Amino acid sequence: MASILKESQLNSKGVIVFTHKERVLFENKYLMRILKREVLQLKSMYFFAMHWGHYHKNIETIDLIDFHFAGQGTVAFKKPEENYHIPLCSRNFSSSVFRKKNLSKVYDIINISRPLRLKKIDEFFLVIKKMINKGFLPKVLIICPLPDNFYQDENNYVEIYSDYIKLFSIKERESISLLLLSPDGSPFQLSENEISDFMNLSKVFTLFSDKEGESRVVSEALLCGLTVVVKRNIIGGAKDYLNDDNSRLFSTLDEAADIFIDLISNYNKFQFSTINLEQELSEEYTKDILKNKLKVFFSEKNEEFEGEFLLENLSKKLPSHLNLLSKSIANGIHDDIVTFQGFYRFLIKFTNSPKKNLLYIMVFILELMYKIMFIFRSRVKKVLIFFGFYNLKKSN
């Protein structure tokens, strides 16, 4: 979503933040050629920023983007000197509800993950079983918010419940809670207060992914005082704020099982202060840090600063999770503008184009051409797979 962090003033530019999912719009030379006048008109009024929520490396310079919001471990630019990087992202503005609440612990381990195969929840199941085989039955809470297309998308871990039933006995399942949240209300079936409460009822937080983006959930767990357990070689930003005091890293599933048993058995030994983390990850403190960094940016660009920053709810605003745009602009579950027509409609909100109808027709035809090409490539791929040529082609 194009979120506005500062409105444009007569003598001072505003700030609009796009997300990494909208990168393809700016990199499409045909779309930019059609909408050049409108894009440049908007850019004359606003600085363009881009927020990176997922891990990316070797990012080429995007000419129209003035600066980037991204965690230290989340992005790597091919030419860092050409990209103004503010090392803050949505995880640095965690809601103040994420804090230690001194609740009595109910769960030993909590895992909050989308039910995607890449989250490796099946590996977590195996580690729990290894703990049980060592004579240690942990109290575990696994929370998975299901998307609307859970059973239709092959990237989802659709066997999660059947694997849970197969792997654990009825008695074991009394200690291992798997909460598969209804798609109703997706992707935020639980409120931040509810998530904070579940975390504060737990001793240890874990993820089993091989790769994460900014990993906001890790920051939320740290603020709640939970020791975090992740893979030693995890790629992305999940380890950016982890250290020997607040986390443990593992390389094998056997090592993970031993780490969990040690952390749970010696829970009081592994407590840590969250004061320094709050300075870097809680919105109570980081809004002022962002204001200062943006003022420095304005100064370096020799731009007058006038007006106020709009910094409420940045943990959801920056990654476009607020659902404020009309469905004609952003038609998904988030406010990411992922269609050419949606981008056109967004621009028209801010600009006065004398050729609106012609522009729309041109954008419509361009998007239609891309859809036709996508369908054609998908069908060619299926044919290649059917005849056994696809894997051979990839290997060559």
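So, how was this worked out
- Along each chain, the written sequence defines residue order, and numbers are assigned to residues from 1.
- Only residues with pLDDT of at least 70 get local features here, since the model is predicted, and only at 80 or more are side-chain atom pairs given and counted; chain-wide, interface and lining totals rely on the full set of residues.
- Just so you know, side-chain values use all the structure's heavy atoms and leave hydrogens and water out.
- Salt bridge, as applied in this entry: a Lys or Arg side-chain nitrogen positioned within 4 Å of an Asp or Glu carboxyl oxygen.
- Note on conventions: DSSP H or I runs of at least 4 residues are helices, E runs of at least 2 residues are strands, and numbering of each starts at the N terminus.
- Classification of residues uses two cut-offs on accessible area relative to the type maximum, computed with a 1.4 Å probe and protein chains only: under 20% is buried, over 50% is exposed, and between them is partly exposed.
- The way it works is a 1 Å grid over only the protein atoms, where trapped points that fit a 1.4 Å probe form a cavity and open points with protein on both sides within 12 Å along at least five of seven lines form a pocket, and then any residue with an atom within 4 Å of a point lines it.
- Grid points are joined across faces, edges and corners, and a volume is the space filled by probe spheres set on the points.
- Here the nonpolar group is Ala, Val, Leu, Ile, Met, Phe, Trp, Tyr, Cys and Pro; Asp, Glu, Lys and Arg are the charged ones; every other residue, Gly included, is treated as polar.
- Here a residue-residue contact requires only that any non-hydrogen atoms of the pair lie within 4.5 Å.

### Observations concerning the pattern of salt bridges
The full count for this structure, using the stated rule, is 24 salt bridges. Residue D240 pairs with R91 through a salt bridge whose shortest N-O separation is 2.7 Å. Of this pair, D240 sits in the loop between β12 (227–231) and β13 (247–250) while R91 sits in the loop between β7 (85–86) and β8 (107–112), placing them 149 residues apart in sequence. Relative accessible area serves as the criterion here: at 25%, D240 is assigned to the partly exposed category. Classification of R91 as buried rests on a relative accessible area of 0%. Linking D210 and K120 is a salt bridge whose minimum nitrogen-to-oxygen distance equals 2.5 Å. With D210 in the loop between β11 (202–206) and α8 (216–223) and K120 in the loop between β8 and α4 (121–133), this pair connects stretches of sequence that are 90 residues apart. Its relative accessible area of 37% is what places D210 among the partly exposed residues. In this structure, a network of salt bridges that share partners links the residues K120, E123, D210 and K231.

### Digging into the layout of surface pockets
Considered as a void within the structure, the largest pocket measures approximately 1600 Å³ in volume. In terms of residues, the lining of the largest pocket owes the most to one element, α8, which gives three residues. Looking at the lining of the largest pocket, its residues break down into 19 nonpolar, 17 polar and 14 charged. Within this model, the second largest pocket holds a volume of roughly 190 Å³. Lining the second largest pocket, in full, are F26, E27, K29, M32, K36, V39, L40, T61, I62, D63 and L64. Where the lining of the second largest pocket is concerned, the elements lending two or more residues are α1 (23–27), α2 (29–34) and α3 (36–43).

### Notes on α8
Along α8, eight of the eight residues are buried, which leaves the element largely enclosed by surrounding structure. Looking at α8, one finds that the buried residues are R216, V217, V218, S219, E220, A221, L222 and L223. Of the surrounding elements, those touching the buried residues of α8 are β8, α7 (192–200), β11, β12, α10 (275–281) and α12 (314–317). Where α8 terminates, the next one or two residues include G225, which has phi positive at roughly 85°.

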